[in-house]
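The lines below spell out each chain.
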Amino acid sequence: MKCPYCRVDNDRVTDTRAAEDGYSIRRRRQCNACGRRYTTYERPAEFDLKVVKKDGVREPFLPEKIRSGLQRACWKRPVSDEQIMVLVNEIEQEVFSSHDTEIDSQDLGEIVMAFLSRLDQVAYVRFASVYRQFKDVRDFVDVLHRASNP
Ligand SMILES: [Zn+2]
């Protein structure tokens, strides 16, 4: 797969094991181009989760959206990309272990905030203030994007 850091498609798997929940496979990978390490999870597609937005619209649960939201909240904070990826994986595990088919976007936001508050208080406050105002993951990503790119 393509490296999430440098986008080069040249990696190797350094470790493969069952994830804690027993329903997915966790692989540690290392990019042969830039040398950075990252983790991927492999699980049955039947577990695909839907996020229920306030207006009732259902969207696929996309960890990538969480990651970009967290990256913006952590902008100029002493938080590495690796820490963010680990956090996204932890959030994913929490979401999948507590929800079978659907999760309210509100609940998802609360889970993200709970994890983020342990990592960085400033990023948490940023995330929380914007999130609580807009109630939707995509909305706060948009707003944070505009705020950091005037
Ligand atoms: Zn790389």
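**Here's the deal with the coordination of the zinc ion**
Right, on to step 1. Here the zinc ion is held by the protein donor atoms C3 (SG), C6 (SG), C31 (SG) and C34 (SG), which lie 2.3 to 2.4 Å from it.
Right, on to step 2. Viewed at the metal, the 4 donor atoms of the zinc ion are separated by angles of 107 to 116°, and the geometry they form is tetrahedral.
Right, on to step 3. Positions of the donor residues of the zinc ion along the chain correspond to the pattern C-x2-C-x24-C-x2-C. Here C31 lies in strand β2 (residues 25-31) and C3 lies in the segment before β1 (11-18), a separation of 28 residues in the sequence.
Right, on to step 4. For C3, a relative accessible area of 1% translates into the label buried.

**With respect to the packing of helix α1 (residues 63-73) against helix α2 (residues 81-98)**
Right, on to step 1. Remark: α1 packs on α2, axes separated minimally by 10 Å, with the N-to-C direction vectors making an angle of 135°. Comparing the axis directions of α1 and α2 gives the class oblique. In this structure, α1 meets α2 at a crossing whose hand is right-handed. Between α1, through P63, I66, R67, L70 and Q71, and α2, the contact on the second element is made entirely by D81, I84, M85, L87, V88, I91 and E92.
Right, on to step 2. Among the residues making up the contact of α1 with α2, the classes are represented as 8 nonpolar, 1 polar and 3 charged.

**Examining the confidence of the model for the protein chain**
Right, on to step 1. Scored by pLDDT, the protein chain has a mean of 84; 85% of the residues are at 70 or more.
Right, on to step 2. Considering each helix and strand of the protein chain separately, the mean pLDDT is smallest for helix α5 (residues 137-148), with a value of 57, and largest for β2, with 93.

**Describing the sheet that holds β2**
Right, on to step 1. Taken in spatial order, the 3 strands of this open sheet run β1-β2-β3, and their pairing is antiparallel. The open sheet has two free edges, formed respectively by β1 and β3 (37-42), since each of these has just one partner strand. Across the sheet, the axes of successive neighbouring strands diverge by a mean angle of 25°, strand direction being ignored.
Right, on to step 2. When β2 meets β3, the two strands line up antiparallel, connected through 6 bridges. Looking across to β3, one finds that Q30 is bridged to R37.
Right, on to step 3. Seen against the sheet, α2 touches β2 and β3 and runs at an angle of roughly 15° to β3.

Each value, and the rule that gives it
Residues numbered from 1 in each chain as written. Predicted model: local features only at pLDDT ≥ 70, side-chain atom pairs only at ≥ 80, totals over all residues. Heavy atoms only, no water. Donors = N, O, S within 2.8 Å, 3.2 Å for Na, K, Ca; no water. Tetrahedral: all angles 85-135°; square planar, octahedral: opposite > 155°, others 65-115°. Helix = DSSP H or I, 4+ residues; strand = E, 2+ residues; numbered from the N terminus. Buried < 20%, exposed > 50% of the residue type's maximum accessible area, 1.4 Å probe, protein only. Axes fitted to C-alpha atoms, helices over the stretch in contact; angles between N-to-C directions. Parallel < 35°, antiparallel > 145°, perpendicular 65-115°, else oblique. Left-handed = near helix turned anticlockwise from the far one by under 90°. Contact = heavy atoms within 4.5 Å. Nonpolar A, V, L, I, M, F, W, Y, C, P; charged D, E, K, R; others polar. pLDDT = per-residue confidence, 0-100. Pairing = 2+ DSSP bridges.

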